[in-house]
Amino acid sequence: NDILVKPFKRAMVKSMLEKWSTVMAIPRMKEITTLIPVHEPVVKTRQIWNRADFLDTVGGSGEFGVKLLEDYLTQLDGLYNDLCKNSADFNFAEVKKIGHTIKGSSGSISAEELSELGKNIEFAAGYTDMTAILKNQKELVPAMERFKSTVAEFMRSGGNDGLA
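Residues numbered from 1 in each chain as written. Predicted model: local features only at pLDDT ≥ 70, side-chain atom pairs only at ≥ 80, totals over all residues. Heavy atoms only, no water.

### Thoughts on the overall build of the protein chain
- Within the protein chain, the secondary structure is distributed over six helices and zero strands.
- Looking at the protein chain as a whole, 32% of its 164 residues are labelled buried.
- Counting only carbon and sulfur atoms, one obtains 59% of the accessible surface of the protein chain, whose full area is about 10,600 Å². (Helix = DSSP H or I, 4+ residues; strand = E, 2+ residues; numbered from the N terminus. Buried < 20%, exposed > 50% of the residue type's maximum accessible area, 1.4 Å probe, protein only. Areas by Shrake-Rupley, 256 points an atom, 1.4 Å probe, with all protein chains shown as cover.)

### Here's the deal with the environment of Lys85
- Counting through the fold element by element, Lys85 comes out in helix H3 (residues 62-88).
- Classification of Lys85 by relative accessible area gives exposed; the value is 52%.
- Separated by ten residues in sequence, Lys85 and Val95 place their C-alpha atoms 9.2 Å apart.
- In terms of polar contacts, Lys85 uses its side chain to reach the side chain of Asp89, at 3.1 Å. (Polar contact = N/O pair within 3.5 Å; in protein donor to acceptor, adjacent residues only side chain to side chain.)

### Some details on the side chain of Glu112
- Note that Glu112 resides in helix H5 (residues 112-126).
- For Glu112, a relative accessible area of 6% puts it in the buried group.
- Among the polar contacts listed, one links the side chain of Glu112 to the backbone nitrogen of Gln47, at a separation of 2.8 Å.

### What to know about a nonpolar patch on the surface
- Taken together, the side chains of Ile3, Val5 and Met12 present a nonpolar region at the surface, about 290 Å² in accessible area.
- Following the sequence through the fold, Ile3 ends up in the segment before helix H1 (10-25). (Patch = residues over 30% accessible without salt bridge, like charges linked within 9 Å, V, L, I, M, F, W, Y side chains within 5 Å. Salt bridge = Lys/Arg side-chain N within 4 Å of Asp/Glu carboxyl O.)

### Side note on the nonpolar core
- Ranked by internal contacts, the top residues of the largest apolar core, which has 31 residues, are Leu69, Tyr72, Leu114, Leu140 and Phe147.
- Those elements that place two or more of their residues in this core are helix H2 (51-57), H3, helix H4 (92-108), H5 and helix H6 (130-156).
- Once you skip the residues sitting within four places of it in the chain, Leu140 turns out to touch Tyr80, Leu83, Ile102, Leu114, Leu117 and Ile121. (Core = buried A, V, L, I, M, F, W, Y, C linked by side-chain atoms within 4.5 Å. Contact = heavy atoms within 4.5 Å.)

### Description of the confidence of the model for the protein chain
- Averaged over the protein chain, the pLDDT score is 86; the fraction of residues at 70 or greater is 83%.
- The secondary structure element of the protein chain with the lowest average pLDDT is H1, at 74, and the one with the highest is H4, at 97. (pLDDT = per-residue confidence, 0-100.)

### Here we look at unusual backbone geometry
- A positive phi angle, near 55°, is found at Phe90, a position not held by glycine.
- As for its placement among the helices and strands, Phe90 is situated in the loop between H3 and H4.
- Phi is positive for Ser110, close to 65°, though the residue is something other than glycine.
- Tracing the chain through its elements places Ser110 in the loop between H4 and H5.

### A closer look at the packing of H5 against H6
- Two elements in contact, H5 and H6, have axes whose closest approach is 9 Å; the angle formed by their N-to-C orientations is 165°. Considering their axes alone, H5 and H6 lie roughly antiparallel with respect to each other. Judged by the sense of rotation from one axis to the other, the crossing of H5 with H6 is left-handed. Listed contacts from H6 to Glu113, Leu114, Leu117, Asn120, Ile121, Ala124 and Ala125 of H5 are Ala132, Ile133, Asn136, Gln137, Glu139, Leu140, Ala143, Met144, Arg146 and Phe147. (Axes fitted to C-alpha atoms, helices over the stretch in contact; angles between N-to-C directions. Parallel < 35°, antiparallel > 145°, perpendicular 65-115°, else oblique. Left-handed = near helix turned anticlockwise from the far one by under 90°.)

### A short note on the pattern of salt bridges
- Applying the stated criterion across every chain, the model contains nine salt bridges.
- Here Lys148 ties to Asp77 by a salt bridge, and the two come within 3.2 Å at their closest N and O atoms. Here Lys148 is found in helix H6, whereas its partner Asp77 is found in helix H3, with 71 residues between them in sequence.
- Accessibility expressed as a relative area gives 33% for Asp77, which makes it partly exposed.
- Between Arg146 and Glu113 there is a salt bridge, with the nearest N and O atoms lying 2.5 Å from each other. Taken together, the residues Arg146 in helix H6 and Glu113 in helix H5 connect sequence positions 33 residues apart.
- Classification of Arg146 by relative accessible area gives partly exposed; the value is 34%.

Right, dumping it as structure tokens:
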């Protein structure tokens, strides 16, 4: 039941294949009694921006990365404005869509913190939990500023900020 989500990352695909390679290589599958992992899963902390993951997504092209970030930031500002309007109108269905879009587009450009907030908004809207929606909506503003600050040098340099 493993799932790979778009955009596919080389490391994720490799990890999944390595995880299942021993099972696929065993000729007598009836000897396998469980597929429970032997070790505890690694808990991943959310970063403002996972630069390495983003560069993997854009195939190492800084120029393409900058264009993608510019488009994303424009979209994010519009989504935030729409979120404020729709939450004020108690339009939970639209708030849920906006949260889903923030979650997905932020995840695609490796803005992990913003993606998590989008996920929280989507979930809260599904339960018509206005308190949680407003809490996460309020947290979006400083998270957006942290993200913009974090990617600023990358964007100023045209994607050639000198970091490996």
